[in-house]
Amino acid sequence: MSAGDAAVRAFGLAPGEVPDDPTRTVRVLGALGALAVLSLAATELGSTTTWRSLVVATCLDALGHRRPDADVTPARSTDPEA
């Protein structure tokens, strides 16, 4: 099983299957795509810690789980680890 298939299965989807209502599939693939691209960009820019809360919020938004009262302002941290 590929890493992509495993990631899709983790969200309860069947790899390669086209559902009647593609909403969930599109949301999951959007969140995974956002996670991949934003993680690479944050690493390249040395912003993994400062972007972390924004990346999580973006992925949750893509999945349709945004809380209206969520504070997505990145916390300033001196922690050098991602």
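Rules behind the numbers
- Residues numbered from 1 in each chain as written.
- Predicted model: local features only at pLDDT ≥ 70, side-chain atom pairs only at ≥ 80, totals over all residues.
- Heavy atoms only, no water.
- Helix = DSSP H or I, 4+ residues; strand = E, 2+ residues; numbered from the N terminus.
- Buried < 20%, exposed > 50% of the residue type's maximum accessible area, 1.4 Å probe, protein only.
- Contact = heavy atoms within 4.5 Å.
- Core = buried A, V, L, I, M, F, W, Y, C linked by side-chain atoms within 4.5 Å.
- Axes fitted to C-alpha atoms, helices over the stretch in contact; angles between N-to-C directions.
- Parallel < 35°, antiparallel > 145°, perpendicular 65-115°, else oblique.
- Nonpolar A, V, L, I, M, F, W, Y, C, P; charged D, E, K, R; others polar.
- pLDDT = per-residue confidence, 0-100.

### Quick word on the overall build of the chain
Phase 1: Check the secondary structure of the chain and you find three helices and zero strands.
Phase 2: In sequence order, the secondary structure elements of the chain are arranged as α-α-α.
Phase 3: Considering the chain as a whole, with its 82 residues, one finds that 16% of them fall into the buried category.
Phase 4: Considering only contacts in the chain between residues 6 or more positions apart, those separated by 24 or more positions represent 49%.

### Some points on the nonpolar core
Phase 1: One finds Val8, Leu13, Val28, Ala31, Ala34, Val55, Cys59 and Leu63 forming the largest nonpolar core, which totals eight residues.
Phase 2: Contributing elements (two or more residues each) for this core: helix 2 (23–45) and helix 3 (48–63).
Phase 3: In this structure, Val28 is in contact with Phe11, Leu13 and Leu63, ignoring residues within four places of it in sequence.

### Digging into the packing of helix 2 against helix 3
Phase 1: Two elements in contact, helix 2 and helix 3, have axes separated by 8 Å at closest approach and are oriented at 170 degrees. Between helix 2 and helix 3, the interaxial angle falls into the category roughly antiparallel. In contact with Arg24, Arg27, Val28, Gly30, Ala31, Ala34, Leu35, Leu38, Ala41, Ala42, Thr43 and Leu45 of helix 2, helix 3 contributes Thr48, Trp51, Val55, Thr58, Cys59, Asp61, Ala62 and Leu63.
Phase 2: A per-class count over the contact of helix 2 with helix 3 returns 13 nonpolar, four polar and three charged.

### Observations regarding the confidence of the model for the chain
Phase 1: Chain-level statistics for the chain give a pLDDT mean of 84 and a share of 80% at 70 or above.
Phase 2: Of all helices and strands in the chain, the one with the weakest mean pLDDT is helix 1 (residues 3–10) (89), whereas helix 2 scores best (93).

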